[in-house]
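Single-letter residue listing:
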Amino acid sequence: MNDLAIRRALISVSDKAGLVEFGRFLAGLGVEILSTGGSAKALSEAGIAVKEVSSHTGFPEIMDGRVKTLHPLIHGGILARRDSEEHLASAKEHGIGLIDLVVVNLYPFEVTLASGADEARLVENIDVGGPAMIRAAAKNFDFVAVVTSPADYKAVQQEMAAKEGALSRATRRSLSAAAFARTAAYDAAIAGWMNKEQPLSARLILAGQLKQPLRYGENPHQQAAFYIGGEARPGVATARQIQGKELSYNNLNDTDAAYELVAEFSEPAVVIVKHANPCGVAIAGDLATAYRRALACDPVSAFGGIVAVNRTLDGATAALIGELFAEVVIAPGFAVSALDVLSAKKNLRLLEAGSLPDPAAPGLSIKTLSGGFLAQGRDNGQVGRENLTVVTRRAPNEGEIGDMLFAFAVAKHVKSNAIVYAKGLATVGIGAGQMSRVDSSRIAAWKAKEAAEAAGEAESRAKGSVVASDAFFPFADGLLAAADAGATAVIQPGGSLRDKDVIAAADEAGLAMVFTGMRHFRH
């Protein structure tokens, strides 16, 4: 069949936005309305004729409302096929009235979870009857329409008004697909909570809510969309866009990388990212100084990049950022003076995240593969002074230790193989994503020399720096490349079969070197 005339509707909603208007519309078309609890009360108080489900079934709500719609007169009315003589005969025999429209949205489990509620309250917000009715109606979409979101009321009303109270099969099928997606996401949230102590369980269920369709993906021939779901982690998913053009796939990906990195630092920090890799990072006593030093690391790559800060962006720093062509600026907040300065750059996207993500918090990282995906815990490992083991004859001095910890935190967010040169709590050269570690070391040294030459400085900025490696040096060549560039100290995980050779080379070069015991591969 194609169009379905709506004669009887069942309404049972937790979110009552638009309920009265929708109910009044249905009643105006002569639709009989069955309803429950708070929904029936809201409709009745608005002067809309409604029949309580308990009156319809002859069975009262029991067990604090846990059992109210789980009844054959309800589910038989939803599941009966109108083209089956057997189904219709059975419905007639048992006095089952057919239900053509099911309007149900669920107990707010996800909202309750996000509020930090205790287990007892969460359990009570697990809906049972709602998903049962939704799934029944969605399965029988040939003969029943199901609406699970107030956002769909307007479109349903418009079609019913145009079709004299009917809905097309195409609409019913579309609503059915949305209904199954809703119950799947709802169950995924519950399963995620129940499995929070064992996130990598036998079944890993992922669900997302569309936040933004995107013009395309990494490249124009790829479709893309931005979904939110899972943990409520501050960042691009929670940020409010204050101004600027629509965010692209690459904007979102790069901005996430920048904000996760800048959150590693407690001092005022600035991160500049290009193609998901940092091209400049610095911490200082104020954001303006940190920005100048981050930009100095690689001003060429910074063009068209993402800027992230870990403080409310002030006007002075905003003015400096305004001198650069940047795609996105993300911050916990923006001072009025900063907004005044940057408002002149209409295309610049400003994202206000409200707060910073916790770099030490647990979570999942997902990577798709052909036919499946890999899941792992977020790299929330952090290294402090207490984790450093001095392995060379010369121990690092206090300044070198501070720079090493800073550089190693940056290296955690650089694509492997990753080498980071730092001096004075600012990066001076970054080598990312090379197949050999020695090449990453050489690139970082070249970047440091190039930036110095562009600034008219007499010697490479790598001279007197420290170098961080995201993984061990398998051979001494990468370390020696750092020494040749002028580095004085090295921080690396250690763990190579040739650690003794690498340590000997460091001693011979007069380097101080520490092992962290923690690797930070990033692919």
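Note that this is a predicted model, so its numbers are computed, not measured.

Caption draft 1: Structural context of the nonpolar core. With 45 residues, the main nonpolar core has Phe-265, Val-271 and Val-420 as its most contacted residues. By residue number, the principal contributor to this core is helix α16 (residues 398–411), which donates 9 residues. With residues up to four places along the chain from it excluded, the contact list for Phe-265 reads Val-281, Ile-283, Asn-310, Phe-406, Ala-409 and Val-410. Tyr-291, Leu-313, Ala-338 and Leu-342 belong to the second-largest nonpolar core, a separate cluster that totals 27 residues.

Caption draft 2: Just the packing of helix α1 (residues 19–28) against helix α2 (residues 37–45), in detail. Two elements in contact, α1 and α2, have axes separated by 10 Å at closest approach and are oriented at 70 degrees. By the angle between their axes, α1 is roughly perpendicular relative to α2. Judged by the twist between their axes, the crossing of α1 over α2 is right-handed. Contacts between α1 and α2 involve Leu-19, Val-20 and Gly-23 from the first element and Ser-39, Ala-42 and Leu-43 from the second. Residues of the contact of α1 with α2, tallied by class, amount to 4 nonpolar, 2 polar and no charged.

Caption draft 3: Looking closely at the environment of Thr-312. With respect to the helices and strands, Thr-312 occurs in the loop between β13 (305–309) and α14 (315–321). Setting aside residues no more than four positions away along its own chain, Thr-312 makes contact with Leu-287, Gly-333, Phe-334 and Ala-335.

Caption draft 4: Main features of the sheet that holds strand β20 (residues 427–431). Across the sheet, which stays open at both edges, the 6 strands sit in the order β18-β23-β22-β21-β19-β20 with mixed pairing between neighbours. Each edge of the sheet is formed by a strand with only one pairing partner; in this case those strands are β18 (389–390) and β20. In the sheet, strand β19 (residues 419–422) pairs with strand β21 (residues 466–469) via 4 bridges, with the strands oriented antiparallel. Across the sheet, residue Val-420 finds its bridge partner in β21, namely Ala-468.

Caption draft 5: Examining helix α18 (residues 476–485) more closely. When we look at burial in α18, the residues that qualify are Ala-476, Gly-478, Leu-479, Ala-481, Ala-482 and Ala-485. In the core, the buried residues of α18 are packed alongside β19, α17 (437–454), β21, β22 (489–492), α19 (499–509) and β23 (512–515). At the C-terminal side of α18, Gly-486 shows a positive phi close to 110 degrees.

Caption draft 6: Up close: the packing of aromatic side chains. Taken as a whole, this structure holds 5 aromatic pairs when the rule is applied. With 4.4 Å between their ring centres and 5 degrees between their planes, Phe-22 and Tyr-153 make a pair best called stacked. Of this pair, Phe-22 sits in helix α1 while Tyr-153 sits in helix α9 (residues 153–162); the two residues are 131 residues apart in sequence, bridging distant segments of the chain. The exposure class of Phe-22 is buried, given its relative accessible area of 1%.

Cut-off values and rules
- Residues numbered from 1 in each chain as written.
- Predicted model: local features only at pLDDT ≥ 70, side-chain atom pairs only at ≥ 80, totals over all residues.
- Heavy atoms only, no water.
- Core = buried A, V, L, I, M, F, W, Y, C linked by side-chain atoms within 4.5 Å.
- Buried < 20%, exposed > 50% of the residue type's maximum accessible area, 1.4 Å probe, protein only.
- Helix = DSSP H or I, 4+ residues; strand = E, 2+ residues; numbered from the N terminus.
- Contact = heavy atoms within 4.5 Å.
- Axes fitted to C-alpha atoms, helices over the stretch in contact; angles between N-to-C directions.
- Parallel < 35°, antiparallel > 145°, perpendicular 65-115°, else oblique.
- Left-handed = near helix turned anticlockwise from the far one by under 90°.
- Nonpolar A, V, L, I, M, F, W, Y, C, P; charged D, E, K, R; others polar.
- Pairing = 2+ DSSP bridges.
- Phe/Tyr/Trp six-rings, centres within 6.5 Å; stacked < 30°, edge-to-face > 60°.

Without other data, these values stay purely geometric and don't point to any function.
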